[in-house]
Amino acid sequence: MAHRAEKSGLSRDIQKKLEAKYNLDQEKQCRAWIEEVLGEPLSDQEVGMHNFASCLKDGQVLCRLLNTLNGETLIKKINPQKMAFKQMENIEQFIKGCKVFGLKDGDIFQTADLYEVQNMSQVLLALFAVGTVAQNNGYQGPTIGCRMAKANPRNFSEEKMREGDTIIGQQMSCYKGATQAGMNI
């Protein structure tokens, strides 16, 4: 942001690494997905980290997105005001809603990551995680991210399980029975 002092030293190096992780292709996918889910274009159509942040900065788009994906109102009060603390409150409501929606703590960003454009790559990862969890929760609309694996339990008979005991493993055949038994480190 314009009113912050420029970072120096280690902080600058870390910020440069975070900015280098930002992926424009992922941003384009997120933009298209959000627009398709909400049925309306984002406010700033220009691609770029700061432009994308300005679209999401007030938190209203994120809150509406989560409510749409959930199917029912998960975030009850979305503040339309332009005051900074109200916008950050919207972002915080989105983050809390993500936890209720099913995201893990490691998938969620911090308010400053978006509002102060500190770590926009984490914001993108969070949006992909929201898309993944939405698919897992049964959302039938447009998707983004990968589909979560579901349990696929196998039931083998006792006879089939005993057949596995007679198979010689690859290590036994390639290395003539070599094992790590007796090795000291």
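To start, this report covers the structure provided alongside it. All values derive from a computational prediction rather than experimental measurement.

### Re the overall build of the chain
Now for step 1: A count of helices and strands for the chain gives nine helices and zero strands.
Now for step 2: Counted from the first residue to the last, the chain has its helices and strands arranged as α-α-α-α-α-α-α-α-α.
Now for step 3: Radius of gyration (C-alpha) of the chain: 24 Å, far over the 16 Å computed for a compact globule of 185 residues.
Now for step 4: When burial is assessed residue by residue, the chain has 35% of its 185 residues classed as buried.
Now for step 5: Summarising the internal contacts of the chain: among those between residues at least 6 apart in sequence, 51% fall at separations of at least 24.

### Looking at the packing of aromatic side chains
Now for step 1: With the rule as written, the count across this model stands at one aromatic pair.
Now for step 2: Lying across the ring of Tyr115, Lys57 places its NZ or CZ 4.6 Å from the centre.

### Regarding the side chain of Gln60
Now for step 1: Relative to the assigned elements, Gln60 resides in helix 4 (residues 60-70).
Now for step 2: Reaching out from Gln60, the side chain makes a polar contact with the backbone oxygen of Pro80 at a distance of 3.5 Å.
Now for step 3: Setting aside residues no more than four positions away along its own chain, Gln60 makes contact with Ile78, Asn79, Pro80, Lys82 and Asn90.

### Considering the packing of helix 4 against helix 5 (residues 84-101)
Now for step 1: Between helix 4 and helix 5, whose axes approach to 8 Å, the crossing angle comes to 25°. Of the possible angle classes, the one that applies to helix 4 and helix 5 is roughly parallel. Considering how the two elements wind past one another, helix 4 and helix 5 form a crossing that is left-handed. Counting all contacts with helix 4, which are made through Gln60, Leu62, Cys63, Leu66, Leu69 and Asn70, the residues of helix 5 involved are Asn90, Gln93, Phe94, Gly97, Cys98 and Phe101.
Now for step 2: Residues belonging to the contact of helix 4 with helix 5 are distributed by class as follows: seven nonpolar, five polar and no charged.

### Things to note about the pattern of salt bridges
Now for step 1: The final tally for this structure, using the stated rule, is five salt bridges.
Now for step 2: With its nearest N and O atoms 2.7 Å apart, the salt bridge here joins Arg31 to Glu27. In this pair, Arg31 and Glu27 both sit in helix 2 (residues 24-38), four residues apart, roughly one turn of the helix. Comparing Arg31 with Glu27 shows no difference in burial state: the two are buried.

### Focus: the environment of Arg4
Now for step 1: Turning to its location among the elements, Arg4 is positioned in the segment before helix 1 (10-20).
Now for step 2: Using a relative accessible area of 42% as the deciding quantity, one classes Arg4 as partly exposed.
Now for step 3: For Arg4 and Glu116, which are 112 residues apart along the polypeptide, the C-alpha to C-alpha distance reads 9.2 Å.
Now for step 4: For Arg4, the residues in contact, after removing those within four places along its chain, are Glu116 and Gln118.

### Comments concerning the nonpolar core
Now for step 1: One finds Ile34, Phe52 and Leu56 to be the most contacted residues of the largest nonpolar core, which totals 42 residues.
Now for step 2: Phe52 has contacts with Tyr22, Glu27, Cys30, Arg31, Ile34, Leu42, Met120, Leu124 and Leu127, leaving out every residue within four places of it along the chain.

### Concerning the state of the cysteines
Here a disulfide denotes one covalent bond, and it connects the sulfur atoms of two cysteines.
Now for step 1: Inspection of the entire model under this criterion finds zero disulfides.
Now for step 2: In this structure Cys146 is not part of a disulfide, and its nearest cysteine sulfur, from Cys30, lies 13 Å away.

### Quick word on unusual backbone geometry
Now for step 1: Phi at Val117 is positive, roughly 50°, even though this residue is not glycine.
Now for step 2: Within the fold, Val117 resides in the loop between helix 6 (111-115) and helix 7 (120-136).

Criteria and thresholds
- Residues numbered from 1 in each chain as written.
- Predicted model: local features only at pLDDT ≥ 70, side-chain atom pairs only at ≥ 80, totals over all residues.
- Heavy atoms only, no water.
- Helix = DSSP H or I, 4+ residues; strand = E, 2+ residues; numbered from the N terminus.
- Rg over C-alpha atoms; globule rule 2.2 N^0.38 Å.
- Buried < 20%, exposed > 50% of the residue type's maximum accessible area, 1.4 Å probe, protein only.
- Contact = heavy atoms within 4.5 Å.
- Phe/Tyr/Trp six-rings, centres within 6.5 Å; stacked < 30°, edge-to-face > 60°.
- Lys NZ or Arg CZ within 6 Å of the ring centre and 35° of its normal.
- Polar contact = N/O pair within 3.5 Å; in protein donor to acceptor, adjacent residues only side chain to side chain.
- Axes fitted to C-alpha atoms, helices over the stretch in contact; angles between N-to-C directions.
- Parallel < 35°, antiparallel > 145°, perpendicular 65-115°, else oblique.
- Left-handed = near helix turned anticlockwise from the far one by under 90°.
- Nonpolar A, V, L, I, M, F, W, Y, C, P; charged D, E, K, R; others polar.
- Salt bridge = Lys/Arg side-chain N within 4 Å of Asp/Glu carboxyl O.
- Core = buried A, V, L, I, M, F, W, Y, C linked by side-chain atoms within 4.5 Å.
- Disulfide = S-S within 2.5 Å.

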